[in-house]
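Listed below are the residues making up each chain.
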Amino acid sequence: MRLGIFGLVAPAAQFSASGGVYPGETAEDVLCTARFLAEHRPYIDRVVVNRLAIVGHTPLGRAIRRNPDRYPQIGALVQNLETGLMDHENETFRSAGHLSAAMRMLREVHRINRKPLKGASLTFEGVM
């Protein structure tokens, strides 16, 4: 899943995938996602951007709690009893390079998402 921050529906292949922002993902990873979206814009009908949700008792949640030094960018990790998620901050995303890359990626997301849906992609509308 090192493709970046996106979920997509591709009409030709009729598949969907989703992703999140992963610990260790760099500004360059996000730029790769932006380039991928730009290059494949004609074939992608929708993109959904999600923030990484860390669930406490999943492998990722356990790994971060057991070895926080391995994930120094993840901070303020607190179990939210209302949502079941681990509330957190990721310092990486505050850098100028990462913010610039994210804005470039979001411009590509907007270019794709403003296209009207057609064909089999209508089946996925509102699903992701």
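Rules and cut-offs
- Throughout this document, residue positions are counted from 1 along each chain, in the order its sequence is written.
- Reporting in this predicted model follows two pLDDT cut-offs: at least 70 for local features of residues, and 80 or more for side-chain atom pairs to be given and counted; totals over whole chains, interfaces and linings ignore these cut-offs and use all residues.
- Each side-chain value is worked out from all heavy atoms of the structure, with water and hydrogens disregarded.
- Under the DSSP-based scheme used, a helix requires at least four consecutive residues in state H or I and a strand at least two consecutive residues in state E, with every element numbered from the N terminus.
- Between buried and exposed lies partly exposed: a residue is buried under 20% and exposed over 50% of the maximum accessible area for its type, with that area taken using a 1.4 Å probe on protein chains only.
- Only heavy atoms matter for contacts: two residues are in contact if any of them lie within 4.5 Å across the pair.
- Shrake-Rupley sampling with a 1.4 Å probe provides the accessible areas, and residues are treated as covered by the protein chains on show and by no other component.
- Expected span of a helix, by definition, is 1.5 Å for each gap between consecutive residues, and there is one gap fewer than residues.
- It is the directions from the helix axis to the C-beta atoms that the arc portrays.

A short note on the overall build of the chain
Okay, so step 1: Check the secondary structure of the chain and you find 3 helices and 5 strands.
Okay, so step 2: Listed by position from the N terminus, the elements making up the chain come as β-β-α-β-α-β-β-α.
Okay, so step 3: Burial statistics for the chain: of 128 residues in total, 33% are counted as buried.
Okay, so step 4: Partitioning the intrachain contacts of the chain with sequence separation of at least 6 by distance along the chain shows that 62% fall at a separation of at least 24.
Okay, so step 5: Total accessible area on the chain stands at roughly 7,700 Å², and carbon and sulfur atoms take up 58% of it.

As for helix H1 (residues 27–40)
Because each turn of an α-helix spans 3.6 residues, side chains separated by three or four positions end up pointing in the same direction.
Okay, so step 1: If you check H1, its first and last C-alpha atoms are 20 Å apart, about what 14 residues at 1.5 Å a residue would give, namely 20 Å.
Okay, so step 2: Of all the residues in H1, the buried ones are Asp29, Val30, Thr33, Ala34 and Leu37. With its buried residues spanning 145° around the axis, H1 presents them on a single face.
Okay, so step 3: Looking at the buried side of H1, the elements it contacts are strand E3 (46–48) and helix H3 (96–113).

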